[in-house]
Amino acid sequence: MKKVNKQIVVIVLIALLLVAVIVTVYFIARKKQSQNDNSTTNNSSDTASTVLQYGSRGNEVKRLQEFLNTQLSLMVWRGYPTYNGQEIKQLTVDGIFGARTQAAVEWYFNSKTVLTNQF
């Protein structure tokens, strides 16, 4: 009877050791993945720090235009907003920072204080 109990104890200890190894490997792999994600995020944050201005072109401008369109779509129920006498409608996502994009950017940053004070 004691031999059976010792064998069971040994089997349980081996099983626990295997579980500990599996958990350790899992967390090491997860930490490496997290470090890879952070390095990717750091690389993309360099792109995010690009200064966009009138005349800029590219994917960053497209992302800005998509973001502004999202913000504008939230306001359509109140009618299209105006800024400096110009009606701000949905932008064409063409990657070109022109007059309409400039007006939408100015509207967005100036409307933040207006919107938060209204609600």
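Placed above this text is the structure.
All residue numbers refer to positions counted from 1 along the written sequence of the respective chain. Where totals are concerned, whole chains, interfaces and linings use all residues; where local detail is concerned, this predicted model gives features only for residues with pLDDT of at least 70, and gives and counts side-chain atom pairs only at 80 or more. The basis for the side-chain values is all heavy atoms of the structure; hydrogens and waters are excluded.

Describing the overall build of the protein chain
Only DSSP runs of H or I with at least four residues qualify as helices, and only runs of E with at least two residues qualify as strands; both kinds are numbered from the N terminus onward. The helix and strand inventory of the protein chain stands at three helices and two strands. Shown N-terminal to C-terminal, the secondary structure of the protein chain runs as helices and strands in the order α-α-β-β-α. Within the protein chain, the proportion of its 119 residues that are buried is 19%. When checking whether two residues touch, look at their non-hydrogen atoms; a contact exists if any pair is within 4.5 Å. Considering only contacts in the protein chain between residues 6 or more positions apart, those separated by 24 or more positions represent 58%. Exposure was quantified through the Shrake-Rupley algorithm and a 1.4 Å probe, taking into account, for residues, occlusion by the shown protein chains and nothing else. When the accessible surface of the protein chain is totalled, it reaches about 9200 Å², and 60% of it is carbon and sulfur. A simple rule labels every residue: compare its accessible area, found with a 1.4 Å probe on the protein chains alone, to the largest value its type can have, and call it buried under 20%, exposed over 50%, or partly exposed in between.

Things to note about the nonpolar core
The biggest cluster of nonpolar side chains holds 13 residues, and the ones touching the most others in it are Leu-68, Ile-88, Ala-104 and Trp-107. When residues of this core are traced back to their parent elements, those giving at least two are helix 2 (59–75) and helix 3 (99–118). Top contributing element to this core by residue count: helix 3, with five residues. Contact partners of Ala-104, with chain neighbours within four places excluded, come to Leu-68, Ile-88 and Leu-91. What makes a nonpolar core is a set of buried Ala, Val, Leu, Ile, Met, Phe, Trp, Tyr and Cys residues whose side-chain atoms join them at distances within 4.5 Å.

Here's the deal with the packing of aromatic side chains
The geometry of an aromatic ring pair is captured by the separation of the ring centres together with the interplanar angle, meaning the angle of the planes. Aromatic pairs are defined between Phe, Tyr and Trp rings, using the six-membered ring for Trp, whenever the two ring centres lie within 6.5 Å; interplanar angles under 30 degrees are classed as stacked, those over 60 as edge-to-face, and all others as tilted. Within the structure shown, the criterion is met by four aromatic pairs. Ring geometry for Tyr-108 against Phe-109: centres 5.3 Å apart, planes inclined by 80°, an arrangement best described as edge-to-face. A relative accessible area of 13% means that Tyr-108 is categorised as buried. Since its relative accessible area comes to 58%, Phe-109 is described here as exposed. Here the aromatic residues Phe-67, Trp-107, Tyr-108 and Phe-109 are joined through ring pairs into a cluster of three or more.

Overview of a nonpolar patch on the surface
Together, Ile-8, Val-9, Val-12, Leu-13 and Leu-16 line one region of the surface with nonpolar side chains, adding up to about 450 Å² of accessible area. Examined against the element boundaries, Val-12 turns out to sit in helix 1 (residues 2–48). Owing to a relative accessible area of 43%, Val-12 belongs among the partly exposed residues under this scheme. Patch membership needs two things, relative accessible area over 30% and no salt bridge, and members are linked within 9 Å if like-charged or within 5 Å if nonpolar (Val, Leu, Ile, Met, Phe, Trp, Tyr). Throughout this description, the term salt bridge denotes a Lys or Arg side-chain nitrogen within 4 Å of a carboxyl oxygen of Asp or Glu.

Digging into the environment of Leu-68
Following the sequence through the fold, Leu-68 ends up in helix 2. Measuring from C-alpha to C-alpha, the distance between Leu-68 and Gln-90 comes to 8.1 Å, with 22 residues separating the pair along the chain. Setting aside residues up to four positions removed in sequence, Leu-68 forms contacts with Leu-91, Thr-101, Ala-104, Val-105 and Tyr-108.

A look at the side chain of Gln-65
Turning to its location among the elements, Gln-65 is positioned in helix 2. When its relative accessible area of 0% is taken as the criterion, Gln-65 is described as buried. Within polar-contact distance, the side chain of Gln-65 engages the side chain of Thr-101 at 3.1 Å. In this structure Gln-65 touches Leu-91, Thr-92, Val-93, Asp-94, Gly-95, Ile-96 and Thr-101, once residues within four positions along its chain are discounted. The definition of a polar contact used here is a pair of N or O atoms within 3.5 Å, where within protein one atom must be able to donate a hydrogen and the other to accept one, and adjacent residues in sequence count solely through side-chain atom pairs.

Considerations on the side chain of Asn-69
Within the secondary structure, Asn-69 sits in helix 2. You can call Asn-69 buried: its relative accessible area is 10%. There is a polar contact of 2.6 Å between the side chain of Asn-69 and the backbone nitrogen of Leu-91. Ignoring sequence-local partners within four residues, the contact set of Asn-69 consists of Gln-90, Leu-91 and Val-93.

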